[in-house]
Amino acid sequence: MNESIFFPGSIRENFIIGIFLLFQISAVSALDIFVAQNGIDAQPGTEKAPLRTLEAAQKLARTKAGKEPVTVTVGDGVYYLQKPLVLTEQDSGGAEAPVIYRAAHEGKAVISGGVLLALKWEPYQKDLFKAKTPAGLQFDQLFVNGVRQIMARYPNYDPTRTNVPYRGSAEDAISFEKAAKWKDPAGAYIHAMHEHLWGGYDYEITGKDANGNLIYEGGWQNNRPGKMHPKFRMVENIFEELDAPGEWYHDRKTDTLYFYPTQGLELPKATVEGVRLSSLLEFRGSQKKTVRFVTFDGFVLRHTARTFMLNKEPLLRSDWTIYRSGAVLFDGTEDCRLLNTFIDQPGGNGVFVNNYNRRVQMSGLHVFDCGASAIAFVGDPKAVRNPVFNYNAAHDVAAVDKTPGPLTDNYPMECTLEDSLLHEVGTVEKQGAGVQISMSRRIAVRNSSIYDTSRSGININEGTWGGHIIEGCDVFNTVQETGDHGAFNSWARDRYWSPKIGEVVAAVQKDPSLPFLDAMEPNIIRNNRWRCDRGWDIDLDDGSSNYIITNNLLLRGGLKLREGYKRIVTNNIIIKNSLHPHVWFPDSDDVFTHNIVMTAYRPAVMRLTKWGAEIDYNLFASNDADRARYADKGIDAHSMVGDPEFADAISGDFTVKNETLARKIGFKNFPMDRFGVQKTSLRGIAKKPEMPQVVMKIDTTPAVIQPKRAVTWMGAVLGEPSGEEMSAFGLSFDSKGVSIEQIDASSALGGEQGLRKGDLIQRVNDKPVGDIQDLRKILESVKDGKFQLRVTRDQKPTTLELVVKDLTKP
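Here the structure is a predicted model, which is why all the values come from computation and not from measurement.

## Some words on the overall build of the protein
Next up, step 1: The helix and strand inventory of the protein stands at eight helices and 66 strands.
Next up, step 2: Compactness check: the protein gives a C-alpha radius of gyration of 29 Å against a globular reference of 28 Å for 810 residues, within 12% of the reference.
Next up, step 3: If you line up the protein on its principal axes, its C-alpha atoms span 95 × 70 × 55 Å.
Next up, step 4: Buried residues in the protein amount to 60% of all 810 residues.
Next up, step 5: Of all intrachain contacts in the protein linking residues separated by at least 6 positions in sequence, the fraction that spans at least 24 positions is 69%.
Next up, step 6: About 32200 Å² of surface is accessible on the protein, with carbon and sulfur atoms providing 50% of the total.
Next up, step 7: The protein carries 96 positive and 102 negative side-chain charges, and their two centres are separated by 1 Å.

## Overview of the confidence of the model for the protein
Next up, step 1: Residue-level pLDDT values for the protein average 94, and 97% of them are 70 or greater.
Next up, step 2: Low pLDDT (under 50) marks residues 1-13, which in the prediction has 29 contacts with non-local residues, meaning those over four places away or in another chain.
Next up, step 3: Across residues 19-27, confidence stays below pLDDT 50; counting only partners more than four residues off in sequence or on other chains, it has five contacts.

## A few points about the packing of aromatic side chains
Next up, step 1: Enumeration over the complete set of coordinates arrives at 26 aromatic pairs.
Next up, step 2: A ring pair is formed by Tyr-565 and Phe-585, whose centres lie 4.9 Å apart and whose planes are at 20°; its orientation type is stacked. A residue pair is termed long-range when its members are at least 10 positions apart, and Tyr-565 in the loop between β49 (559-561) and β50 (567-570) and Phe-585 in the loop between β52 (579-581) and β53 (591-593) qualify at 20 residues.
Next up, step 3: For the pair Tyr-601 and Phe-620, a centre-to-centre distance of 5.4 Å together with 55° between the ring planes defines the contact as tilted.

## Digging into the sheet that holds strand β9 (residues 129-132)
Next up, step 1: On the basis of which strands lie adjacent, the open sheet formed by five strands has the order β8-β9-β19-β18-β12 and mixed pairing. The open sheet has two free edges, formed respectively by β8 (122-123) and β12 (150-151), since each of these has just one partner strand.
Next up, step 2: Bridging between β9 and strand β19 (residues 256-259) involves four bridges; their strand directions are antiparallel. Across the sheet, residue Lys-132 finds its bridge partner in β19, namely Thr-256.

## A short note on unusual backbone geometry
Next up, step 1: A cis geometry characterises the amide bond from Tyr-154 onward to Pro-155, with omega recorded as -10°.
Next up, step 2: Position of Pro-155 among the secondary structure elements: in the loop between β13 (153-154) and α3 (176-179).
Next up, step 3: For Asn-237, which is not glycine, the phi torsion reads 70° and is therefore positive.
Next up, step 4: Here Asn-237 is to be found in the loop between β17 (228-236) and β18 (247-251).
Next up, step 5: One non-glycine residue, Arg-442, adopts positive backbone phi at about 55°.
Next up, step 6: Within the fold, Arg-442 resides in the loop between β37 (435-438) and β38 (444-446).

## Regarding the nonpolar core
Next up, step 1: Ranked by internal contacts, the top residues of the largest apolar core, which has 88 residues, are Met-362 and Ile-375.
Next up, step 2: If you tally residues by element for this core, the top one is helix α2 (residues 54-61), at four residues.
Next up, step 3: When neighbours within four sequence positions are excluded, Met-362 is seen to be in contact with Phe-330, Leu-338, Val-351, Val-353, Ile-375, Phe-377, Thr-416, Leu-417 and Glu-418.
Next up, step 4: Core analysis: the next-biggest nonpolar cluster, separate from the first, contains 22 residues, Leu-755, Ile-761, Leu-775 and Leu-779 among them.

## Remarks on the pattern of salt bridges
Next up, step 1: If you walk through the whole model with that rule in mind, you get 41 salt bridges.
Next up, step 2: For Arg-324, the salt bridge is made with Glu-313, and the minimal N-O distance between the two is 2.8 Å. Taken as a pair, Arg-324 in the loop between β26 (321-322) and β27 (328-334) and Glu-313 in strand β25 (residues 313-314) lie far apart in primary sequence, eleven residues in all.
Next up, step 3: You can call Arg-324 buried: its relative accessible area is 19%.
Next up, step 4: A salt bridge links Lys-809 to Glu-780; the nearest nitrogen and oxygen atoms lie 3.1 Å apart. In this pair, Lys-809 sits in the segment after β66 (796-803) while Glu-780 sits in helix α8 (residues 772-780), placing the two residues 29 residues apart along the sequence.
Next up, step 5: Members of the salt-bridge network, linked through shared partners, are Asp-319, Arg-455, Arg-493, Asp-539, Asp-541, Asp-542, Lys-560, Arg-562 and Glu-563.

## Quick notes on the environment of Leu-117
Next up, step 1: Tracing the chain through its elements places Leu-117 in the loop between β7 (114-116) and β8.
Next up, step 2: For Leu-117, a relative accessible area of 7% gives the class buried.
Next up, step 3: Put simply, Leu-117 and Phe-516 are 399 residues apart on the chain and 55 Å apart in space, counted from C-alpha to C-alpha.
Next up, step 4: Sequence-distant contacts of Leu-117, defined by excluding residues within four places in its chain, comprise Pro-134, Leu-137, Phe-139, Leu-142, Val-272, Glu-273 and Gly-274.

## So, the sheet that holds β13
Next up, step 1: The strand order across the open sheet formed by five strands is β13-β17-β14-β15-β16, and the pairing between neighbours is antiparallel. The two strands at the open ends of the sheet, each matched to only one other strand, are β13 and β16 (214-218).
Next up, step 2: Two strands pair when backbone bridges link them, and strand β15 (residues 200-208) and β16 are joined in this way by five bridges, in the antiparallel orientation. Residue pairing in the sheet places Gly-207 in a bridge with Ile-215 of β16.

## Looking at the state of the cysteines
Next up, step 1: Under the counting rule described, the total for this entry stands at zero disulfides.
Next up, step 2: For Cys-336, which is in no disulfide, the shortest distance to another cysteine sulfur is to Cys-415 and amounts to 10 Å.
Next up, step 3: Considering cysteine sulfurs only, Cys-473 is the nearest to Cys-532, which forms no disulfide, with 16 Å between them.
Next up, step 4: On the basis of relative accessibility, which here comes to 1%, the residue Cys-532 falls in the buried class.

## Regarding the side chain of Glu-236
Next up, step 1: With respect to the helices and strands, the residue Glu-236 is situated in strand β17.
Next up, step 2: Looking at Glu-236, the relative accessible area reads 5%, which means it is buried.
Next up, step 3: Here the side chain of Glu-236 touches Arg-306 through a polar contact of 2.7 Å, side chain to side chain.
Next up, step 4: Setting aside chain neighbours within four positions, we find Glu-236 in contact with Met-151, Ala-152, Arg-153, Ala-188, Tyr-189, His-191, Arg-306 and Phe-308.

## Examining α2
Next up, step 1: Buried residues of α2: Leu-54, Ala-56, Ala-57, Gln-58 and Ala-61, and no others.
Next up, step 2: The elements touched by buried residues of α2 are β1 (31-35), β2 (70-74), β4 (85-87), β5 (99-103) and β6 (109-112).

## Things to note about the environment of Asp-766
Next up, step 1: One can find Asp-766 in the loop between β63 (760-764) and β64 (767-768).
Next up, step 2: We classify Asp-766 as exposed; its relative accessible area is 54%.
Next up, step 3: A sequence separation of 648 residues divides Asp-766 from Ala-118, and the C-alpha atoms of the two residues are 62 Å apart.

## Comments concerning α8
Next up, step 1: Every buried residue of α8 is accounted for by Ile-772, Leu-775, Ile-778 and Leu-779. An end-on view of α8 places all buried positions within 120° of arc, on one side of the element. Those residues of α8 that are exposed and angled more than 90 degrees off the buried face are Lys-777 and Glu-780.
Next up, step 2: Turning to α8, the residues buried within the fold contact β60 (711-713), β61 (716-719), β62 (738-743), β63 and β64.

## Focus on the side chain of Gln-149
Next up, step 1: Take Gln-149: it is sitting in the loop between β11 (147-148) and β12.
Next up, step 2: Of the residues examined, Gln-149 reaches a relative accessible area of 12% and is grouped as buried.
Next up, step 3: Among the polar contacts listed, one links the side chain of Gln-149 to the backbone oxygen of Val-147, at a separation of 2.9 Å.
Next up, step 4: When neighbours within four sequence positions are excluded, Gln-149 is seen to be in contact with Leu-142, Val-144, Gly-246, Trp-248 and Phe-259.

Conventions adopted
Residues numbered from 1 in each chain as written. Predicted model: local features only at pLDDT ≥ 70, side-chain atom pairs only at ≥ 80, totals over all residues. Heavy atoms only, no water. Helix = DSSP H or I, 4+ residues; strand = E, 2+ residues; numbered from the N terminus. Rg over C-alpha atoms; globule rule 2.2 N^0.38 Å. Buried < 20%, exposed > 50% of the residue type's maximum accessible area, 1.4 Å probe, protein only. Contact = heavy atoms within 4.5 Å. Areas by Shrake-Rupley, 256 points an atom, 1.4 Å probe, with all protein chains shown as cover. Lys, Arg positive; Asp, Glu negative; His and termini not counted. Charge placed at Lys NZ, Arg CZ, Asp CG, Glu CD. pLDDT = per-residue confidence, 0-100. Phe/Tyr/Trp six-rings, centres within 6.5 Å; stacked < 30°, edge-to-face > 60°. Pairing = 2+ DSSP bridges. Core = buried A, V, L, I, M, F, W, Y, C linked by side-chain atoms within 4.5 Å. Salt bridge = Lys/Arg side-chain N within 4 Å of Asp/Glu carboxyl O. Disulfide = S-S within 2.5 Å. Polar contact = N/O pair within 3.5 Å; in protein donor to acceptor, adjacent residues only side chain to side chain. Arc of directions from axis to C-beta.

Okay, here's the thing in structure tokens:
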């Protein structure tokens, strides 16, 4: 096995560099500083006379930083910060004189953004207790014995309901009747999913109006605005909803904490902590004044506040908004590192790599129970040529700046996350990801386990500017609370792209370089294992271009390629699923070869006579009817049907033992035992995905494909898309309608003001259309040929008023 597949320029090379630096550093003088719980800041900071605080250690370290190696060793215990520890250019080290903050024992030194509460509990009523808190103290998270407790809420939190938004949601969460029971809901929060499950919204209740209706503000946390989901809603921080073990409510007006302890908790002996700070470590530099060669190693970072009401900034035409901070913030750094760090239950983002950063290295991280994204790399929109933020914003594709690449250097580049464990992600904000990459270049995510996420495991937000490598990762249990997404998701609604597909096709045919002005270098996805049970394992959505996808094991959701250019997909194994081509552009140069699939392809709105540059030499572990189903699209002439003879599918070894078939289609085995985190302590606690039950039913009988009888309606050919096909129309999977597969523009239904190819009819005269039979029934009641159509066109609702003489039914 070639280990460079999994560790190019990473752990192995870093070890060698570290040994080299150790010998280099030992040749010069060095400053060693010690911090301990029994220290005193007035002391010199030696091992026998340590300092007490990190702030004092930082001040002393600055006297030698950049001149000689500095190591700050922090003893065991909890270090409560009054404000974030901010590192600037003054704290910088050098290549031969790094500044290193390290825990004396990995995982034993805790940096906390909370406050230890000394409380005198007294019974309140029934199972509730209350205690006075320091005057004016505000906190939005409460920890008891290191475990985050539940803010009083409706409906109650149920940890077993992993696929239910907010672990419990209700249609009546903010109903008038429910609100009538709340004496003073000001300061409470509403959390609701997007109507299409594209993330969620958050609001703060400010009070009630004279009629008893709730007044609230917020809802800015989604960049594709819509309505609140009618059912998936939750409200919290309501005193009257304090009715379940583990729930709490803090009355800020009276400085009183109310708590419903869990069974067996010895409350007088419990360690109770409130959370105040939203960030703990901030590397704050700039491109001209960078923070350089500073490392934090071996710490626990705990107790950061939730930031969902600060999440306002839209990203480029994606579903995302962001808040540019986290428990750790890198902003304006070069060659800084975060190693072997446990980021425990952060309220917002775990790590945020913001704007100009070069060669940030993160390794051995464990991010657990994260309110937003675990890791985010996000650049500056001002570095983007022709930035567009709103999905439906007007955008003249033909008139864009034709200069490739960014305008400035204010973005993350050549940064790495490796050998890490990220799980329980997006517990508060439903547009979070295990790893989010936006307006960045050459980001590497290697050998990491990512699971139990509300949305994607890894998300690449747009094409700007490519060169990313995702390899050796194990990503599963994703999209648990949302929809229309994947374990890996990407968009590329870049300067070349528009929801109006015809405009894009015309512009790219005129100038084929357009899709690659932002997606400058290919993104490589290789040697990973993916599973998504509520979407796609790999989802390349709107416009995603310039990808190489190879040697991946896809366990459940298949691989979706929506419209884009130059996606090279080779040598992958897709279990119990297949390729999902959606709305492809003509001349897309897409390639799908040497793969193993187990069903027929699952197209949506594919109205091309030929699909891609090459789809061939694949193995269908099913039957010849699956292989030949779309032969008329010029594909799979040399593909085969047969049993790959997986070595041990039950235990996850999908090595192909049928060497004859593998050789004929050009498939090559790849390692099945190197997915995910490799660090021993983290690998020992990391979960593994559930393996699908694989039952082979191989039928090599040559298929006889009968042409499908088309349903026509006055010059139009109709279809009945359903389920995941609705994603192609920009709708949730449970949407319904009748599609226009083809239409004669000169027909009574066509023309400038009529139906178009690609429309989805959803209502006629305000009556819902679920299928062709519904359409027939509704048309029977149309008089004088006058009727109104509500259609989805280019992913936007459109109303058509038609008058058709001699109207007939389909």
